[in-house]
Amino acid sequence: MKRKHWYVPLLLIAVLLSGCASIGKKAGFEVTAKEPIGRQEPWHTMTLKGDISQVQALSVAYVALPDPVPTYWSEEFVDTHRVYEVVLGTDENGKQKKALKPLEKVVFRALRYTDGGEFIEMFDAVLNPSLSGFFVLLPSEGNFVGSNLVIIPLDASWLMTVYGEQMILPVSKTLPAGFFQQHPSRITQVVRMDRKDPNGQKFFSELEKLFDPGRFVINGVVYSGRPDTKIVASRFTKVDNPIDRLVSCGIAPISPGLVTISLAFAAIQNVRVVTKEDCMK
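Rules of the game
- Sequence order sets the numbering: in each chain, residues are counted from 1 along the sequence as written.
- Totals for whole chains, interfaces and linings use every residue, but because this is a predicted model, local features are given only for residues with pLDDT of at least 70 and side-chain atom pairs only at 80 or more, for both listing and counting.
- By convention in this description, side-chain values take in all heavy atoms of the structure and omit both hydrogens and water.
- Only runs of H or I of at least four residues qualify as helices and only runs of E of at least two qualify as strands under DSSP, and these elements are numbered from the N terminus.
- Accessibility throughout is a Shrake-Rupley quantity obtained with a 1.4 Å probe, and a residue counts as covered only by protein chains that appear here.
- Between buried and exposed lies partly exposed: a residue is buried under 20% and exposed over 50% of the maximum accessible area for its type, with that area taken using a 1.4 Å probe on protein chains only.
- At least two DSSP bridges between two strands are required for those strands to pair.

The subject of this paragraph is the overall build of the chain. A tally of helices and strands in the chain yields seven helices and 14 strands. Summing over all exposed atoms, the chain offers an accessible surface of approximately 13700 Å²; the carbon and sulfur share of this is 55%.

Given below as structure tokens:
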């Protein structure tokens, strides 16, 4: 059965989506902002750029995943190597109930290119809860129909076109000449969501349920994040330099001397990253 795309009711699109924390740079350990190309930090996959509660309108493009979802995508959605502890509540004796939770990724990068393969800009692509596709959040103003768009994973080692084709990215991360002539990836339809309209109200309501619109600040940039964003940001790095590797392999602890964090993190001392996969990379 063929999956319906933009001819489903707009309300269904919205249904499918169904205090400051500040981190900076200190003493050699750097928490970086989102970048178009290159390996992301794990917390990037849990945040939207900006305070979503302040956004009045967005344009949205839908990029469907292949059906069935390929293994290379399903394995990308949950990182079982990055596991952290969360508090579930307290028992009848007042003792905290804790559990280990794997990192769940819900935000990926959508990159826009010229017909010649030159990078233009980056957008957030939100995985819908049904795991059937991405909602690419675009500025409310501008003509994006006909634009070349691709979705890339955490490590930017490959891309997916809007038609579900996977392509391995070269080490340079530069698309070869004629790429979009051989692998078409144009946006064919964009829908505007406005808080003044019923469908837009529902859309933004669902976004705010998924992403806390509280002001989560990274190097002066505001983000809206999933509930565990602060925990993930304090524990996991992208291990792309020697200092990050020391932290991520459990040799050096993250402490207030390495990462400047707000009072929300003040109680976290000597946090160690135990990701064996990172240590082998």
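Once that is clear, we can look at the side chain of Ser224. With respect to the element layout, Ser224 can be found in strand 14 (residues 221-225). Taking relative accessible area as the criterion, Ser224 reaches 0% and is therefore assigned buried.

Before going further, it helps to spend a moment on unusual backbone geometry. Between Asp67 and Pro68 the backbone carries a cis peptide bond, its omega angle lying at 5 degrees. Mapped onto the fold, Pro68 is located in the loop between strand 3 (57-64) and helix 2 (71-77). One non-glycine residue with positive phi stands out, namely Lys173, at about 65 degrees. Looking at the element boundaries, Lys173 is found in the loop between strand 11 (166-168) and helix 3 (179-182).

Another point: the pairing of strand 10 (residues 158-161). Alternating positions in strand 10 separate into two faces, Trp158 and Met160 on one and Leu159 and Thr161 on the other, with burial throughout. Counting the residues between successive antiparallel strands, the hairpin from strand 9 (residues 148-152) to strand 10 contains five residues, one of them, Ala156, with a positive phi of roughly 55 degrees. Sheet analysis places strand 10 next to strand 11, joined by three bridges and oriented antiparallel. Its bridge partner lying in strand 11, Trp158 is registered against Ile168. Taking the residues that link successive antiparallel strands as the turn, the strand 10-strand 11 hairpin has four residues, and the phi of Gly164 there is positive, at about 85 degrees.

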